[in-house]
Each structure stands twice: as C-alpha cells, then as structure tokens.
Amino acid sequence: MSENTETPTQDFAEAAPGSGVPAVVLDEKAKKSWFSRLPIVSHLRQSVGLQRGMLVTGLVLCGIVLICAIFAPLIAPYGFNQLGTSDGNFGATQPPSAEHIWGTTVGGYDVFSRVVWGAQTAIAVIVVAVVASLFAGVILGLISGYLGGWLDRILVVIADAVYAFPTLLLAIVMAIAISGGRSSAWGGIAAAAFSITVVFIPQYFRVVRAETLRLKAEPFVESAIVLGASKTRIIGKHIFRNATRTLPLIFTLNSSEAILTLAGLGFLGFGIEPTSAAEWGYDLNKALPDVTSGVWWTSVFPGLAIVLTVLGITLVGESMNDLNDPRLRVRRKAKTKAGAAGARDRKAAA
C-alpha cells in the first residue's frame, strides 16, 4: 500500500496524552463547529419562530447601518458638509425631489447624505466607547473577583458610585471640558465615548466579578492551583473564557445606549459641528423650528435613523437574552417539534 494515501474528508484529533483514549475521527462538519459556536451564528441556529424573526430583523437593521458607515462615500451623493455643486447652492429646506431624495435642511445640507454619513459617527462612538469599557471592565472584574481582599472591596465601592452617575450629564460635562461645547468630529466622539466608557465599566465589572467568584471555587481551578499554576495563568487561561460568555449580550444593550447618548448630546447643542462630521442628534436639534412650518423631512429621517438603529441593536440583544435561557429555548423547540408532529399526523389521517 502506498505511503502517501490520504483521507480527503476526514481528519484525526489527538487525544490527551496519557488518557488512554484513542484519537477521534472528525468529519468536515465537526471541523466547522468553531464557526457554529460564534455568538450570533449559534443564536441563529437555536432560534425558532418569533425569536428568529426578531433576531433576523435586528441583524438586518444593524447590517444596513454598518453598510452605510463603511460605504458612505459611495452611497451618499454629496459630502456631509457640502452646500452646493458647480451649478450653485442647494437651497434651504428644499422638499424631496429627484436631486435631493430626502430634501435639504435649513442650513442647505442634503438630508440623505447627512443621514448616511451620520452612520459613521454612530459606529465610531460604539467602537470607541463600548470596546474600551469592555476591556477595562473585564480586567478589573477578573482581578477583583480572583484576588479579593481590600482591593475587591475598594473596586466594588467605586463601581457602585460610578454606576449611579447619569450618563448624559457626564457626557455634557466632558463635551464642555474637551471642546468648550463646540465639538470637532473626534472631540464629540471622545466626549460621548469617555462618558459612556466610565459609566459602562461597572456593568462589565459586576458580571465578570460575579462569574470569577463562582469559577475560582470550581474543581478545575483548584486543580490548577495544586499543580502550581500562577495566578496570571489561571485567570487568563481557565477563568477568562468561562467568565465572559454573557458579555456579547451586554455589549448589544450598551451599544444602543451609546447611540442615544451621542444623539442626546447633539440634540442639546453639545454635539459635533456640521462642518466636522454628520450627527443625527445635531440635525434633529436644528430641525425643531421646521416642525411648526410644515417642513417635516428635516426631522423625520434623522429621527428614523436613530430609532431604527437602536431598535435593531435592541432586537438582537433581547433575542440573545431569551435564547440564553435554556428553559425558554427548550420549550419553544418542543412546541415546534410538537406542531410538526401534529401536522404529520393530520396529513397521514387525511
């Protein structure tokens, strides 16, 4: 027999050394299981009925916002601060037309272009704020929960104090401190992101700390301690992956709050200037006098952008929350199977 014989559709996974367990044959489906365990993919596979509809709808809305943010230069017909073309200025409060499908603002900006470019600002705030708070909260939660003692008590007291601070009020203070209330693109993003980061850290801190306190009493952690593993290795290798399983859900919920905080800053007049970047809350603020004049398009479309973005993120978060409940997930699967069995019985009887 040739020594170069290969098995194209199978692979072998080595067993643990000294376990006496033979190597396990893995087919192509098993090798792809890492993809099926990803948060969104795994929830899609588990969801049925209304839960799947909510999750898919939320993903579609979030996908549209991401596409607008990434391809804004290609989608938007004009720049976010463009007031005209070589043929002349656009004109103020022009109604929707072929040239401006969503009309123009009182300042002469194209509404459709401002809404599309505003997606970039929204995504930037989510990335900077939520990722920074996630990073800091996880590290502090792991250290506090595992080490305990006086450090744990101090961090818990600080987290409780910060958690009670209003997000929007802190954002206003930071906007004034950073840019005097007249924000550049990165100044406005930094003001909103910093305030959101400070307020969101205690949420991640509490969740990770509680899981760490539970996990450090598990047998596999105690075994690692007996074998002489360092605290850094135990925290990073054995506790980290098990203590952060619920973080994708918190991430989605905090992302929607980040959008609302940025919009609140802009609506109150502490947002990003229109010449620096497009921001939906600022456009709503400038559209307030138009409402009494019958000019509806300057406020409807930025408002819809905020509502649909927050709705999409919320639907994803709520669906993941329901699907993470094993009792709810099993019951809905059982109902689906029972309904399918009943349909087969009715068809056989007919």
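Residues numbered from 1 in each chain as written. Predicted model: local features only at pLDDT ≥ 70, side-chain atom pairs only at ≥ 80, totals over all residues. Heavy atoms only, no water.

**With respect to the packing of aromatic side chains**
To keep things clear, this is the line we draw: Aromatic rings from Phe, Tyr and Trp, with only the six-membered ring used for Trp, were paired whenever their centres fell within 6.5 Å, and each pair was classed as stacked if the ring planes differed by under 30 degrees, edge-to-face if by over 60, and tilted otherwise. Helix and strand assignments follow DSSP, with helices taken as H or I runs no shorter than four residues and strands as E runs no shorter than two, numbered in order from the N terminus. Each residue is assigned to one of three classes by its accessible area relative to the maximum for its type, calculated with a 1.4 Å probe on protein chains only: buried under 20%, partly exposed between the two thresholds, exposed over 50%. A ring has a charge above it when a Lys NZ or an Arg CZ is no more than 6 Å from the ring centre and no more than 35 degrees off the ring normal.
All told, the structure shown has 6 aromatic pairs when counted by the stated rule. With a centroid separation of 4.9 Å and 85° between ring planes, the pair formed by tryptophan 102 and phenylalanine 112 is classed as edge-to-face. Taken together, the positions of tryptophan 102 in the loop between strand 4 (88-89) and helix 6 (111-147) and phenylalanine 112 in helix 6 put the pair 10 residues apart, joining distant regions of the chain. Overall, tryptophan 102 belongs to the partly exposed group, its relative accessible area being 24%. A relative accessible area of 16% means that phenylalanine 112 is categorised as buried. Ring geometry for tryptophan 102 and phenylalanine 301: centres 4.3 Å apart, planes at 0°, overall stacked. Of the two residues, tryptophan 102 is situated in the loop between strand 4 and helix 6 and phenylalanine 301 in helix 14 (residues 297-323); the sequence distance between them amounts to 199 residues. Judged by relative accessible area, phenylalanine 301 falls into the buried class, the value being 15%. Each residue in the set Trp102, Phe112, Trp296, Trp297 and Phe301 is aromatic and connected to the rest through ring pairs, giving one cluster. Sitting over the face of the ring of tyrosine 109, arginine 114 holds its NZ or CZ atom 5.3 Å from the ring centroid.

**Points about the pattern of salt bridges**
Two side chains with opposite charge may pair up if their charged atoms get near one another. Short version of the rule: A side-chain nitrogen of Lys or Arg and a carboxyl oxygen of Asp or Glu constitute a salt bridge if their distance falls within 4 Å.
Throughout the structure, instances matching the rule amount to 4 salt bridges. Between arginine 206 and aspartate 160 there is a salt bridge, and its shortest N-O distance comes to 2.8 Å. Placement of the pair is arginine 206 in helix 9 (residues 185-215) and aspartate 160 in helix 7 (residues 149-163), with a sequence separation of 46 residues. Accessibility expressed as a relative area gives 37% for aspartate 160, which makes it partly exposed. Arginine 214 is the salt-bridge partner of glutamate 211, the closest N and O atoms lying 2.8 Å from each other. Residue glutamate 211 and its partner arginine 214 are both found in helix 9; the two are separated by 3 residues, about one turn of the helix.

**Points about the side chain of serine 255**
Looking at the element boundaries, serine 255 is found in helix 12 (residues 247-267). We classify serine 255 as buried; its relative accessible area is 3%.

**Some remarks on the UniProt feature "transmembrane region" (unreviewed entry) in the protein chain**
Going by this rule: UniProt positions are given in the numbering used here, feature names are shortened, and annotations may be inferred rather than shown by experiment.
The UniProt entry lists residues 54-76, 122-147, 154-178, 184-205, 247-272 and 295-317 under the feature "transmembrane region" (unreviewed entry), expressed in the numbering used here. With 88% helix and 0% strand, residues 154-178 has end C-alpha atoms that lie 29 Å from one another. Secondary structure across residues 247-272 comprises 81% helix and 0% strand; the distance between its end C-alpha atoms is 30 Å.

**Considering the nonpolar core**
Basically, it comes down to this: We define the nonpolar core as a collection of buried residues of types Ala, Val, Leu, Ile, Met, Phe, Trp, Tyr and Cys that are connected through side-chain atoms lying within 4.5 Å of one another.
Membership of the largest hydrophobic core comes to 61 residues, with the highest contact counts inside it found for Val125, Leu142, Ile196, Ile239 and Trp280. Looking at this core, the element that brings in the most residues is helix 6, giving 15 residues.

**Some details on the packing of helix 6 against helix 12**
Formally: Interaxial angle, 0 to 180 degrees, is taken between N-to-C directions of lines fitted to C-alpha atoms, where a helix line uses only the stretch in contact. Reported orientations rely on four angle classes, namely roughly parallel under 35 degrees, roughly antiparallel over 145, roughly perpendicular from 65 to 115, and oblique for the rest. What makes a crossing left-handed is the near helix being turned counterclockwise from the far one by less than a right angle; a clockwise turn instead makes it right-handed. Any two residues whose heavy atoms approach within 4.5 Å are treated as being in contact. Ten residue types, Ala, Val, Leu, Ile, Met, Phe, Trp, Tyr, Cys and Pro, are classed as nonpolar, four, Asp, Glu, Lys and Arg, as charged, and the remainder, Gly among them, as polar.
Here helix 6 crosses helix 12 at 135°, and the two axes come no closer than 9 Å. Relative to helix 12, the element helix 6 lies oblique. Handedness of the helix 6/helix 12 crossing: right-handed. For the pair formed by helix 6 and helix 12, the contact residues are Thr121, Ala122, Val125, Ile126, Val130, Val131, Leu134 and Val138 on the first element and Leu247, Phe251, Asn254, Ser255, Ala258, Ile259 and Leu262 on the second. Among the residues making up the contact of helix 6 with helix 12, the classes are represented as 12 nonpolar, 3 polar and no charged.

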